[in-house]
Protein chains: 2
Amino acid sequence: MKSIGNRPARAKKTQTAPAAVESNRQLLLSSIRDVLIRLEDTIIFALIERAQFSRNAFIYRRGALEQAIGGRSLLDYLLFETEAIHARLRRYTSPDEEPFSDNLPAPILPPLSFPENPLALNRVNLNPAIRAAYEAEIVPLLCPPGDDAQYGSSALCDVACLQALSKRIHYGRFVAESKYREAPEQFARLVGAGDTAALLAAITDAAVEARVLERVEGKARAYGVETGSASGKAKIDAGRVVEVYSRWIIPLTKEVQVQYLRERLAAI
Amino acid sequence: MKSIGNRPARAKKTQTAPAAVESNRQLLLSSIRDVLIRLEDTIIFALIERAQFSRNAFIYRRGALEQAIGGRSLLDYLLFETEAIHARLRRYTSPDEEPFSDNLPAPILPPLSFPENPLALNRVNLNPAIRAAYEAEIVPLLCPPGDDAQYGSSALCDVACLQALSKRIHYGRFVAESKYREAPEQFARLVGAGDTAALLAAITDAAVEARVLERVEGKARAYGVETGSASGKAKIDAGRVVEVYSRWIIPLTKEVQVQYLRERLAAI
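Here we take up the environment of Glu177 of chain B. All names here are of chain B. Among the structural elements, Glu177 can be located in helix 8 (residues 172–182). For the pair Glu177 and Gln257, spaced 80 residues apart in sequence, the C-alpha separation works out to 8.2 Å. Within the structure, Glu177 has its side chain in polar contact with the side chain of Tyr260 (distance 2.5 Å).

See below:
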């Protein structure tokens, strides 16, 4: 969450450049890629933490704690309450953050002025798709089956995973804006023609995708290794982390890019 | 947070043993050590995440956001609000969880019945010391100096670090209870004599401590390695993570053990 500051989180350690300068730098694809590379670590750490607990379907079941939290699921409750705190600290006024919950409270801090650029105005939000895939497919892929009664711990990990996935996927807006600025006429033509397949092809860099998957596999192996416990088993199956990237993170990031470019060009 | 379940978080993947059986198993030192080993990963991941941001002294300054959060520091606010959610989900009714904040709300879920054993009744709480060391020494040790305006992100990492450190250190209660059960007369004598140095010597296992530090160094190296960014710099200095263990985690865990044994034996 960088809402109290005034620019997206980055891998760089110290920065005194004023916001306007930084705002241009963000759009350099190499700089965006550094953020995405650092977010890989955050995502893999979060998935490893979740994978230590069972699937715990209870967490996702509406009405499981009926009287106490009004028929919502435990994760609904924890996500809303967490996002409410973050909203009060104006997390979701920032151009790289989208909430999962509706009807969040207003910020208690005065608004920051973000530059009025297409990134700040665009609010493509794929969180419903991210959450659906996470609950129905990613948790069963990564976690041992069954119920270990660790509902609180597991749901806290879910919030961390969902927030990290959402940030990574919505960073597609920065990627798309950067690609657009490199070839505005080409993208105007593709969007104008309404050819989704051609637009998708134009934003796809197969070599970069292959490198991402390779790097993620290496990281998942390094971070997931079990060192010291009796079982000697890895904390996570690296191949399944790669699958999370190939089946959901990369395609949803590209979907963000497509939607972003359509809205961006419709607004011109 | 395992407050919705009924036993402390463990590294084991699936468990169907009833709570009573589990409650005895917890007291086996080898089982406790498995938990502590898995918590190393959680702590190192959390420290690595915090270390990507600058020190950001703003977060810890009371009154920095004066009107909005009533003169508290940003971390005071975020810790309290986070712990309030967890308290409503009865996190702090669990024998291995202590809050940092006072005046937390009551649980909205009905109470769980924990076995009335010394672990459930003892509430040694070193969180004030943990938080003071964290803000004044651990953050400056691990984070680059200065201010990068990433206050929200940094403070969220602080909450994760503090909760992980607190859980690890208060697990000393389980360690102490287990040691006590192996030699109740010896500990009764040591506590009765009021000789802190001798008590500390009796709970100290230098060989185990050396293995912990060695393992933590290896993990910090493996998880902190930078893979793919332009800088090629590690995400964290493994030696400094070892220092967090040797200067704070291990001594504070032993302090929990000493305080626990004193209270436990006074209660007999």
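And the narrative resumes.
Let's shift gears to the packing of helix 2 (residues 29–51) of chain B against helix 6 (residues 127–142) of chain B. Residue and element names in this part refer to chain B. At a minimum axis separation of 9 Å, helix 2 and helix 6 run at an interaxial angle of 75°. Classed by the angle they form, the pair helix 2 and helix 6 counts as roughly perpendicular. On helix 6, the residues touching Leu47, Arg50 and Ala51 of helix 2 are Tyr134, Ile138, Val139 and Leu142. A breakdown of the residues in the contact of helix 2 with helix 6 according to their chemical character gives six nonpolar, no polar and one charged.

Moving on, we come to the packing of aromatic side chains. Under the counting rule described, the total for this entry stands at eight aromatic pairs over all chains. Relative to Phe45 of chain B, the ring of Phe45 of chain A lies with its centre 4.1 Å away and its plane at 15°, an arrangement referred to as stacked. With one member in each of two chains, Phe45 of chain A in helix 2 (residues 29–51) and Phe45 of chain B in helix 2 form a pair that bridges those chains. Under the relative-accessibility criterion, Phe45 of chain B is labelled buried at 3%. Considering the side-chain rings of Tyr171 of chain A and Phe174 of chain A, the 4.6 Å spacing of their centres and the 20° angle between planes classify their relative orientation as stacked.

Before going further, it helps to spend a moment on the pattern of salt bridges. Oppositely charged side chains can form a pair if their charged atoms are brought close together. Taken as a whole, this structure holds 42 salt bridges over all chains when the rule is applied. Asp237 of chain A is the partner of Arg240 of chain A in a salt bridge, and the nearest nitrogen-oxygen pair spans 3.6 Å. Using a relative accessible area of 37% as the deciding quantity, one classes Arg240 of chain A as partly exposed. Judged by relative accessible area, which is 41%, Asp237 of chain A ranks as partly exposed. Arg91 of chain B serves as the salt-bridge partner of Glu97 of chain B, at 3.1 Å between the closest nitrogen and oxygen.

A separate point is helix 6 of chain B. Residue and element names in this part refer to chain B. For helix 6, the principal kink sits at Tyr134 and spans about 45°. All of the buried residues in helix 6 are Asn127, Ile130, Arg131, Ala133, Tyr134, Ile138, Val139, Leu141 and Leu142. Where helix 6 is buried, its residues contact helix 2, helix 4 (74–88), helix 7 (151–170) and helix 12 (238–266).

Turning to the environment of Leu142 of chain A, a few remarks are in order. Residue and element names in this part refer to chain A. As for its position among the elements, Leu142 is in helix 6 (residues 127–142). Using a relative accessible area of 13% as the deciding quantity, one classes Leu142 as buried. Setting aside residues no more than four positions away along its own chain, Leu142 makes contact with Leu47, Ala51, Ile236, Arg240, Val241 and Val244.

Residues and elements named next belong to chain A. Listed as buried for helix 9 (residues 184–193) are Phe187, Leu190 and Val191. Around the axis of helix 9, the buried residues are gathered within 95° of arc, so they sit on the same side. The exposed residues of helix 9 that point more than 90 degrees off its buried face are Glu185, Arg189, Gly192 and Ala193. Residues of helix 9 that are buried make contact with helix 8 (172–182), helix 10 (196–203) and helix 12 (238–266).

A positive phi angle, near 70°, is found at Ala149 of chain A, a position not held by glycine. Turning to its location among the elements, Ala149 of chain A is positioned in the loop between helix 6 and helix 7 (151–170). Take Ala149 of chain A: its relative accessible area is 15%, and that puts it in the buried class. Not every positive phi belongs to a glycine, and Asn103 of chain B is a case in point at roughly 55°. Note on placement: Asn103 of chain B falls in the loop between helix 4 and helix 5 (118–121).

Residues and elements named next belong to chain B. Tracing the chain through its elements places Val241 in helix 12. Measuring from C-alpha to C-alpha, the distance between Val241 and Leu119 comes to 29 Å, with 122 residues separating the pair along the chain. Every residue in contact with Val241, bar those within four places of it in the chain, is listed here: Ile44, Leu47, Leu142, Val216, Ala220 and Ile236.

Within the secondary structure, Arg131 of chain B is located in helix 6. If we ignore the near neighbours within four places in the chain, the residues touching Arg131 of chain B are Ser73, Leu75, Asp76, Leu79, Phe100 and Leu162 of chain B.

Residues and elements named next belong to chain A. Of the residues in chain A, 85% reach a pLDDT of 70 or more, and the chain-wide mean stands at 86. Taking the mean pLDDT of every element in chain A, the minimum, 49, falls on helix 1 (residues 19–25) and the maximum, 98, on helix 6. Confidence over residues 2–22 falls short of pLDDT 50; this stretch has 65 contacts with residues more than four positions distant or in other chains. For this predicted complex, the interface confidence reaches an ipTM of 0.87, while the overall pTM sits at 0.88.

Thresholds applied
Residues numbered from 1 in each chain as written. Chains lettered and ligands numbered in written order. Predicted model: local features only at pLDDT ≥ 70, side-chain atom pairs only at ≥ 80, totals over all residues. Heavy atoms only, no water. Helix = DSSP H or I, 4+ residues; strand = E, 2+ residues; numbered from the N terminus. Polar contact = N/O pair within 3.5 Å; in protein donor to acceptor, adjacent residues only side chain to side chain. Axes fitted to C-alpha atoms, helices over the stretch in contact; angles between N-to-C directions. Parallel < 35°, antiparallel > 145°, perpendicular 65-115°, else oblique. Contact = heavy atoms within 4.5 Å. Nonpolar A, V, L, I, M, F, W, Y, C, P; charged D, E, K, R; others polar. Phe/Tyr/Trp six-rings, centres within 6.5 Å; stacked < 30°, edge-to-face > 60°. Buried < 20%, exposed > 50% of the residue type's maximum accessible area, 1.4 Å probe, protein only. Salt bridge = Lys/Arg side-chain N within 4 Å of Asp/Glu carboxyl O. Bend = angle between axes of the 7 residues up to and from the residue. Arc of directions from axis to C-beta. pLDDT = per-residue confidence, 0-100.

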